[in-house]
Structure formats: C-alpha cells, structure tokens
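Coordinate inspection notes
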Amino acid sequence: MLRFAPSPTGNLHIGNLRVALINHIISVQNKEDLILRIDDTDNERNDSQMIENIVRILQSFGISFSKMFSQSENLKFHQSIAMDLLTKRKAFCCFCSQEEIQAKKDKAKKDKKPYRYDNTCLSITDKDVLEAEGKPFTIRLRSPENNISFIDKVKGEISLAPFEVDSTILLRSDKKPTYNFASSVDDMLNDISLVIRGDDHLTNTPKQLHILNSINYDKEINFAHLPIILNTDGKKMSKREESSSVQWLISKGYLETAIANYLLLLGNQTPKEVFTLDEACEWFDLSKLSSSSAKFDINKLNFLNREHILISDDIFISEKLGYSDINIGKLIKLYTEEASTLEEIKSKITKTINKKETPNEWKENYNIIKKLLINREFEKDFNDFKNNISKESNLKGKNLLKPLRYILTGEFNGPNLSEIYPLIYNYLLKVTA
Ligand code: GLU
C-alpha cells in the first residue's frame, strides 16, 4: 500500500503534486493501492476548503485513491499507543513548559549550537507525575541508544545519531499527536510498504523509524525522498511564489498533462521528452531520479505545454477555451507558434473571431479593405479571396497584407493567413461586420 499525505494548510504546491504523481505511478507499476491521507495534525493552519481543492486537482490529473482519511480519525489509536509506550517506560511525561523550552532554544541559538531536548524530565518518577496533577505535560519518546539508519531509494544511506533523533514528542500537552507520531502510527495501521515524499522530511524518517521500532513494528517500510524544487534563483520554491501553486498554473492555461510531464521530467532520465502519465507508468524508474534538487524552468514548461496542446484532440482543446469547434481547436494549435498558455492563446482567438477596432497604423488601407468585406460572399479559398481583394482594392504586398491580417486577426504579425482563413471561415461575417 502507498499513500499520498498532503497537509490541508495551503494550495497544492508543485512539489507535492510531483510526490502524488510518482506515488500514483509506483502504485500502478506495483499493482498496490494508493490512499489519500489528509495530514490535519496542525489544527490552527487546517483549511477544509483546501481538502476539496486538493482532491479536485488530483482527480484532474488522473490520480485516484482507493481510500481517503484524515489523521484526526485515528486519534484514539495515537493516544492508546502513546499510553502503551508510557506504561512500557519507552516514553515519559515531560512537564517542561513551552517558555522553558523556548529559553533553552534561544540559548542554544546564541551559543551557535543545535538545540536538542536536555532530558530534564527523563527520570521523572511516577510519584512526581502523580503530584504534578493538573500541570500540562507532553509525552516524549526516549531517544534511541544507537544510530538509526535506512537506505533511501533516492538518497542512498541515511543515518542519524541518537542525539539527532532526540526525545521526539509523541503527544502534545493537549494530547493530540505530533506529525511524526501520527505519521508513523498511520503508516503502520495502513500497512504502507513504500513512503514517497519530499526530502524536507528526510530527518523525520529516522524519528519515525525509531517510533515504529519502539512499538515493535517489524514489517519493513521503504522510503524514497524526492529532492525539492528550486526557483530560478536556486532557492527553495516558496508557497508564496505563484508558479509553485498548481491551481495558479492551471488558471494560466497550462494543461494538466503538460504539468505532469514537466514534473516527471525534472531531475530524471526518461526515454523521451514529451509523454503522458500513462506512458510514464510503463517505464518510470525511481532509481533514475537525481538525488539533488532540480530548478523550476518556466520556459521548459511552456515548451511542454505547446507540445501537449499540439497532441490533444481538437474538440477537447477547443472546449478548454469554452468553444466546441474543431476549427477553433486547430486554430489554438496554430497559435502555439507564438503563445504557450491557453490564457495567452484565448486572447488571440477572441481577437481573431470578433470585430476589430480601427487601428492607427495602415488606417486608410484598412478602411478600403473593410468596405469590400461587409456582407461579402466569402471565397472558400484564401488565395482566391486575397487575389480578388487585391484587384478590387488595387492594393498589393504589405499594403494589402498588413491591414488584411489586422482585419482577420487583430494583429499585424502572426501565423500564415492562408492557414488561419479556412479555420475562421464560419466566423467571417462577424469578424468583418
Ligand atoms: N504532510 C506532509 C507534507 O505535506 C507529508 C508527510 C508525509 O508524506 O509523511 O509535507
């Protein structure tokens, strides 16, 4: 069983979508189910609207799940397992207040040392616990005695010393689980065989393995941590950068198939450059993924978007812009010569098939040609049309073609008019009104 585990705290980030796509591919390849786990342990930042958005977006990419659940539904298991660890003395109650911990963190920062829990409450007795009745406490897991190591399928061997694994908090003072604890327990309860997630969780994994060892869970879980995506400045792409939001990319007119293609190409060796998710399921290989971070390159995404527009069905692509016309589909494809997103192309199509304002350039010739077009019985063939207009107006070359192009497309430059003309033939009365 595999799982994709987004936190419903913001818009779906392209890094998360990449994780979801790769989970989908591996689940198809391994014929294992994929489940959607909503990581709602951060009560203050949860946004239920985000859950709907995430599910809708994943569906639009063709990613489906055999089950969906929220971590909060497993609260009783988290609490009872923590109590069990407490009884077995693998965990302990920690009465350090947030202020005390913060002061120690500040001191460590001042001394330029990493902060780790100093085991203040490690040897607290049952009697102390009873006497502290009413005082808030967290439940911490004892740090391990030995290094915790594992082989990551992308990053290779990872090992963390006991000091780094630290005395992880399992339950906070409100007795709700931390992410690390809930994640380990939920992975166990769902019989997860492979965890694929972002490498921002790399140092969480030894903590989670230590939690699972402490619970005596002995089934192996494999891990693959995907490198983060950097922006063009080489910095981690923050959630505030528009192009990091999947929703934003879709609203700008990037096709889901192109976004998926781009994210699967990043830091990867693939047999071809332009492909669909289904094709990727046939040859995708985790071991070919680079272990270092990849840079987001909007030009590459633009290229792939144009390619995916070109290979899509004419009606499908025309419906994306609100039409249901094979010719508009073909026109959209033609405009990929000079535009990359459906948003840019839409403004060109709208201009093309509607009436134009009189331009400042070529005004005189525009008016001459315009008159010849009103209520005209249009020639089927563009060359006949052009030659007749040339004869009727006495205009030739640029003097004819520039204003004519403007009347037909609203621009002075663009794709071949002879290719545009048959595609807008049915709209010509409106175009020239
Ligand atoms: N909820 C975490 C995130 O969105 C993922 C945790 C996981 O996959 O274990 O980064």
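Just so we're clear, the structure is a prediction, and the values are computed from it rather than from any experiment. (Residues numbered from 1 in each chain as written. Predicted model: local features only at pLDDT ≥ 70, side-chain atom pairs only at ≥ 80, totals over all residues. Heavy atoms only, no water.)

1. Topic: the nonpolar core
Formed by 47 residues in total, the largest nonpolar core has its most connected members in Leu17, Ile22, Leu58, Leu263, Leu264 and Leu286. No other element matches the 8 residues that helix α1 (residues 14-30) contributes to this core. Leu334, Phe385, Leu408 and Tyr421 belong to the second largest nonpolar core, which has 37 residues in total. (Core = buried A, V, L, I, M, F, W, Y, C linked by side-chain atoms within 4.5 Å. Buried < 20%, exposed > 50% of the residue type's maximum accessible area, 1.4 Å probe, protein only. Helix = DSSP H or I, 4+ residues; strand = E, 2+ residues; numbered from the N terminus.)

2. Observations regarding helix α8 (residues 204-214)
With respect to burial, α8 is a largely interior element, 10 of its 11 residues being buried. For α8, the set of buried residues is Asn204, Thr205, Pro206, Lys207, Gln208, Leu209, His210, Ile211, Leu212 and Ser214.

3. Brief notes about the site of the ligand
Lining the immediate surroundings of the ligand are Arg3, Ala5, Pro6, Ser7, Arg37, Asp39, Tyr179, Ser183, Arg197 and His201. Backbone polar atom of Ala5 to a nitrogen atom of the ligand: 2.7 Å apart, as the coordinates give it. In the environment of the ligand, an oxygen atom lies 2.6 Å from a nitrogen or oxygen atom belonging to the side chain of Tyr179. By residue class, the composition of the shell around the ligand is 3 nonpolar, 3 polar and 4 charged. (Near = heavy atom within 4 Å. Polar contact = N/O pair within 3.5 Å; in protein donor to acceptor, adjacent residues only side chain to side chain. Nonpolar A, V, L, I, M, F, W, Y, C, P; charged D, E, K, R; others polar.)

4. Details of the domain arrangement of the protein chain
Taken domain by domain, the protein chain comprises domain 1 (66-226) and domain 2 (355-427). For domain 1 and domain 2, the distance between their C-alpha centroids amounts to 72 Å. (Domains from an automatic or database assignment.)

5. Let's talk about the sheet that holds strand β5 (residues 138-141)
Reading across the sheet, the 3 strands line up as β4-β5-β8 and stay open at both edges, with antiparallel pairing between neighbours. Pairing within the sheet leaves two strands with one partner each, and these edge strands are β4 (91-94) and β8 (169-171). Adjacent strand axes in the sheet meet at a mean angle of 40°, parallel and antiparallel pairs treated alike. Here 4 bridges tie β4 to β5, and the two strands are oriented antiparallel to one another. Across the sheet, the residue bridging to Cys94 is Thr138, located in β5. Of the strands in this sheet, β4, β5 and β8 are in contact with helix α3 (residues 75-87), which crosses β8 at around 125°. (Pairing = 2+ DSSP bridges. Axes fitted to C-alpha atoms, helices over the stretch in contact; angles between N-to-C directions. Contact = heavy atoms within 4.5 Å.)

6. Observations regarding empty space enclosed by the protein
Counted by the stated rule, this structure contains 1 cavity of 30 Å³ or more. Taken as a whole, the largest cavity encloses approximately 40 Å³ of empty space. Taken together, Tyr335, Glu338, Lys348, Lys351, Thr352, Arg405, Thr409, Glu411, Asn413, Gly414 and Pro415 make up the full set of residues lining the largest cavity. Only α15 (342-352) and α18 (397-409) provide two or more residues apiece to the lining of the largest cavity. Ranked by residues supplied to the lining of the largest cavity, first place goes to α15 with 3 residues. (1 Å grid on protein atoms, 1.4 Å probe; cavity = no way out; pocket = protein on both sides within 12 Å on 5 of 7 lines; lining within 4 Å. Points joined across faces, edges and corners; volume = space filled by probe spheres on them.)

7. As for the packing of aromatic side chains
The geometry of an aromatic ring pair is captured by two quantities: the separation of the ring centres and the angle between the planes. Considering all chains together, one arrives at 12 aromatic pairs under this definition. Judged by centre distance (6.0 Å) and plane angle (75°), the ring pair of Tyr366 and Tyr406 falls under edge-to-face. Taken together, the residues span a long stretch of sequence, with Tyr366 in helix α16 (residues 363-373) and Tyr406 in helix α18 at a distance of 40 residues. Since its relative accessible area comes to 2%, Tyr366 is described here as buried. Ring plane angle 25° and centroid distance 4.7 Å describe the contact between Phe385 and Tyr421, whose orientation is recorded as stacked. Note that Phe385 is positioned in helix α17 (residues 382-393) and Tyr421 in helix α19 (residues 417-423), a separation of 36 residues in sequence. What links up through ring pairs into an aromatic cluster is the set Phe378, Phe382, Phe385, Tyr421 and Tyr425. (Phe/Tyr/Trp six-rings, centres within 6.5 Å; stacked < 30°, edge-to-face > 60°.)

8. Overview of the packing of helix α14 (residues 326-335) against α15
Their axes nearest at 10 Å, the elements α14 and α15 cross at an angle of 120°. When the axes of α14 and α15 are compared, the pair comes out oblique. Remark: the crossing between α14 and α15 carries right-handed chirality. For the pair formed by α14 and α15, the contact residues are Ile328, Leu331, Ile332 and Tyr335 on the first element and Leu342, Ile345, Lys348, Ile349 and Thr352 on the second. Class assignment of the residues belonging to the contact of α14 with α15 gives a composition of 7 nonpolar, 1 polar and 1 charged. (Parallel < 35°, antiparallel > 145°, perpendicular 65-115°, else oblique. Left-handed = near helix turned anticlockwise from the far one by under 90°.)

9. Brief notes about the pattern of salt bridges
Pairing between side chains of opposite charge can happen when their charged atoms approach one another. Taken as a whole and judged by the stated rule, the model has 22 salt bridges. A salt bridge links Asp187 to Arg3, with the shortest nitrogen-to-oxygen separation between them at 2.8 Å. Linking Asp187 in helix α7 (residues 179-189) with Arg3 in strand β1 (residues 2-4), this pair joins segments that are 184 residues apart in sequence. This pair shows no difference in class: Asp187 is buried, exactly as Arg3 is. Salt bridges here are not isolated pairs; linked through shared partners, they connect Arg3, Arg37, Asp39 and Asp187. (Salt bridge = Lys/Arg side-chain N within 4 Å of Asp/Glu carboxyl O.)

10. Focus: the side chain of Asn302
Relative to the elements of secondary structure, Asn302 occurs in helix α12 (residues 298-311). Ignoring sequence-local partners within four residues, the contact set of Asn302 consists of Tyr254, Ser340 and Thr341.

11. Let's talk about the pairing of strand β7 (residues 156-160)
Summarising the sheet, strand β6 (residues 148-152) and β7 pair through 5 bridges and their orientation is antiparallel. If you follow Ser149 over to β7, its bridge partner there is Ser159. Taking the residues that link successive antiparallel strands as the turn, the β6-β7 hairpin has 3 residues.

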